[in-house]
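Summary of the model geometry
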2 protein chains.
Amino acid sequence: MIVTPVTHRFDRPLALRSGAVLPAYELVVETYGTLNADKSNAVLVCHALNASHHVAGFHADAHGQPLARSEGWWHNMIGPGKPVDTTRFFVIGVNNLGSCFGSSGPTHTNPATGQAWGADFPVVTVEDWVEAQARLLDAMGIDTLAAVMGGSLGGMQTLSWTLQYPERVRHAVVVASAPNLTAENIAFNEVARRAIVTDPDFHDGHYLRHGTLPRRGLRIARMIGHITYLSDDVMNEKFGRALRPVDGEDPAAVAELAYRYTTQDVEFQIESYLRYQGDKFSEYFDANTYLLITRALDYFDPAREFDGNLSAALARAKAKFLLVSFSTDWRFSPARSREIVKALLENRRAVSYCEIDAPHGHDAFLLDDPRYHAAVRSYFEHTVAGGAK
Amino acid sequence: MIVTPVTHRFDRPLALRSGAVLPAYELVVETYGTLNADKSNAVLVCHALNASHHVAGFHADAHGQPLARSEGWWHNMIGPGKPVDTTRFFVIGVNNLGSCFGSSGPTHTNPATGQAWGADFPVVTVEDWVEAQARLLDAMGIDTLAAVMGGSLGGMQTLSWTLQYPERVRHAVVVASAPNLTAENIAFNEVARRAIVTDPDFHDGHYLRHGTLPRRGLRIARMIGHITYLSDDVMNEKFGRALRPVDGEDPAAVAELAYRYTTQDVEFQIESYLRYQGDKFSEYFDANTYLLITRALDYFDPAREFDGNLSAALARAKAKFLLVSFSTDWRFSPARSREIVKALLENRRAVSYCEIDAPHGHDAFLLDDPRYHAAVRSYFEHTVAGGAK
């Protein structure tokens, strides 16, 4: 499945929750499968912090062949014959505003100055993303979505869709998500942001003008994030206290390796893994985008305008729901998903809830767990497709 | 109780686990109470990452009066009439080698160069600390300790005392500790170290020569650490999603505060708290010390030379044990204390174990929980004192 992203431009100003107005914006979109005649089989996928519109399929190389390692971030979930079967559903991947993967964001040019937006790109919220994407659906002539789905932050956005456009969402699939961030979640975001902002190469967010990139800060931010994506169990199983051989050492002799008594070198495998993740991330991710997206996470809290009453907040939703959580996810624990389930049931909404006993922590929502995928497949085959004309 | 630290100098070279040799060293010590005639009532207290020899009592101001806010870090535990009663026990607080609070460490002068050691201070281990302190006991004429006690890293050191000098320790009190670090524990240490080492003001650890301090890195390190010291529950209870009023705003109207839509300002209370903790820490703590002490934590693993068999590793211990853990401590969870308990019981050692259902996370070991303090008091009154002549 070769896919090509398409850019949609919107010239009508978008009023944001902050009070700022984005004069115009672009959204980068990929679609998979075919929209049916009555446009009733569309599934919108919302992405999490560091993902994009590239949800499934492969991008093409110069010869039109699938580019190696270019598969979409949810390719195990979405495609022909996959749990969300693109021979049946028309799936839309769209990059959020403020991102660094093609939709309007801090690395784009601010028309008012002719320079990169940088830190001047307006603060965007989950609600703003939904507004921007509602116009995309209008442009595509899609009135009602068969489903909206997403994991983590994408699950929050899915929930927000059901509240902002209750008539346009028939089903909502919310995976490994939460009704808001806890103090600890905000705390981790804040440390990551401080690492970026206090990097001398950050230049108040205008690093592009200075020809620098705050890579040090991004590395630290990603390392912190990565720890919270994995469970303690899976970290112990994958890395434990194993030492990493230095160049030239026999990896087969790893069990015999001695401590090298350094404070700055990589000695443990887990250190090597984290540094690699941090380095890789700092090569492709934009620092201002990191600030914007973590802030959108911090702010999301639909119960806030209802004095913290989530049940009252979710009364607007009309969709049917599937929620999935993972037992070892300590970032967005099953208890957080259960809060959503409870609030929906208090509103007598149709809710399926699946708590998967999986060792992989928050990352589990991206992995190929057969019970998880069977639950999503069954929901799409029987409930979503059953409701489609 | 006014106390004055005393410096003990040791001119005999100390061979370290790394193979390096410290030609001479100083240890800063405080004592509380009176050593009895047969020197059988001494209790050694081992400190954790950012603490010192100043365990109890107050330091004096210029008029010989107690200096405000100068109480020792375990003052609720140790003193006259406290759980460890200094009218009965002679308590010794000693600063670890490599620290920045008076004992020989990276901020001291390297006799070989006449400059500050900085990053050249040798890597020290928990075992090295015990060796250094055994000489202190020799100098004080104390052959056998009534007890060694400590929390967190101090608990690891206590455990190590029972293995390195089994004949010199009658009782070991190990609080909120673990037999080694998990991969996740090491991961958090590594991110904190990377934040310090990649701070441009770090200068490969020789910042003192450059007239700088890597404060940015220390702030990030401390913020990360602080998150791991608190439980999710207590963070939600103390801070939750509450917003912080900006200067001039009515704090009484906090519940009415609106989001301000910024990415770099403090908006949530938890952000304010963490930044404050980071700033404070960066004013008094040495970056090289942070690297050394977190590495000592990473390395500690008495089961390592027994192919991971903790029971075999602890066979050497002859002390009687009290272990305490706290239900919401996710840094060193109760399961980690139970590993130690199990290994000791497999060796038919006398072990008391107390698992306190407390909301405060790892920090609980420093707090005044009545059940926790009653358990320690009872152990010292009946078991330790009962064994003293």
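Anyway, here's the lowdown on the structure attached to this text. (Residues numbered from 1 in each chain as written. Chains lettered and ligands numbered in written order. Predicted model: local features only at pLDDT ≥ 70, side-chain atom pairs only at ≥ 80, totals over all residues. Heavy atoms only, no water.)

1. Comments concerning the relation of the copies chain B and chain A
Relative to chain A, chain B is turned by 180° and slid 0.0 Å along the rotation axis, the superposed coordinates differing by an RMSD of 0.0 Å. The superposition of one copy onto the other is thereby described by a two-fold rotation axis. Mapped onto chain A, 100% of the interface residues of chain B are again interface residues, and the two copies thus contact each other with one and the same surface. (Least-squares fit on C-alpha atoms with pLDDT ≥ 70 in both. Contact = heavy atoms within 4.5 Å.)

2. Remarks on the sheet that holds strand β10 (residues 171-175) of chain A
Residue and element names in this part refer to chain A. Strands sit in the order β1-β4-β8-β5-β9-β10-β11-β12 across an open sheet of eight strands; the sheet is mixed. Only two strands of the sheet have a single partner each, and these edge strands are β1 (6-10) and β12 (351-356). Pairwise comparison of adjacent strand axes, ignoring direction, gives a mean angle of 20° for this sheet. Strands β1, β4 (25-32), β5 (42-46) and β8 (90-94) of the sheet are contacted by helix α1 (residues 126-140), whose axis makes an angle of about 60° with β4. (Pairing = 2+ DSSP bridges. Helix = DSSP H or I, 4+ residues; strand = E, 2+ residues; numbered from the N terminus. Axes fitted to C-alpha atoms, helices over the stretch in contact; angles between N-to-C directions.)

3. Quick notes on the pairing of strand β10 (residues 171-175) of chain B
All names here are of chain B. Burial of β10 is extensive: five of the five residues sit out of reach of the surface. Neither face of β10 is exposed, since H171, V173 and V175 on one face and A172 and V174 on the opposite face are all buried. With four bridges joining them, strand β9 (residues 147-151) and β10 adopt parallel strand pairing. When the bridges of β10 are listed, V148 appears paired with A172. Each parallel crossover has a hand, and the one from β9 via helix α2 (residues 153-164) to β10 is right-handed. By the bridge criterion, five bridges tie β10 to strand β11 (residues 320-326) in an arrangement that is parallel. (Buried < 20%, exposed > 50% of the residue type's maximum accessible area, 1.4 Å probe, protein only. Right-handed = clockwise from strand over helix to strand, strands pointing away.)

4. Digging into the interface of chain B and chain A
For an interface, size is often stated in terms of accessible area lost upon the parts coming together. Taken together, the contact pairs 59 residues of chain B with 59 residues of chain A. The salt bridge partner of A:R275 is B:E190, with a shortest N-O separation of 2.6 Å. Remark: the boundary between chain B and chain A carries 28 residue pairs in polar contact (both at pLDDT 80 or more). Going through the elements one at a time, α3 (183-197), α4 (215-229), α5 (232-238), α6 (269-284) and α7 (287-299) of chain B are the ones with two or more residues in the side of chain B that touches chain A. Of the residues forming the side of chain B that touches chain A, the biggest block, 11 residues, is contributed by α3(B). For the side of chain B that touches chain A, a count of residues per class yields 31 nonpolar, 10 polar and 18 charged. (Salt bridge = Lys/Arg side-chain N within 4 Å of Asp/Glu carboxyl O. Polar contact = N/O pair within 3.5 Å; in protein donor to acceptor, adjacent residues only side chain to side chain. Nonpolar A, V, L, I, M, F, W, Y, C, P; charged D, E, K, R; others polar.)

5. Some remarks on α6(B)
Relative to the 22 Å expected for 16 residues at 1.5 Å per residue, α6(B) spans 24 Å between its end C-alpha atoms, a close match to the ideal helical length. All of the buried residues in α6(B) are B:I270, B:E271, B:Y273, B:L274, B:R275, B:Q277, B:G278, B:F281 and B:S282. Here the buried face of α6(B) lies against α3 (183-197) and α7 (287-299) of chain A together with α4, α5 and α7 of chain B. (Expected span 1.5 Å × (residues − 1).)

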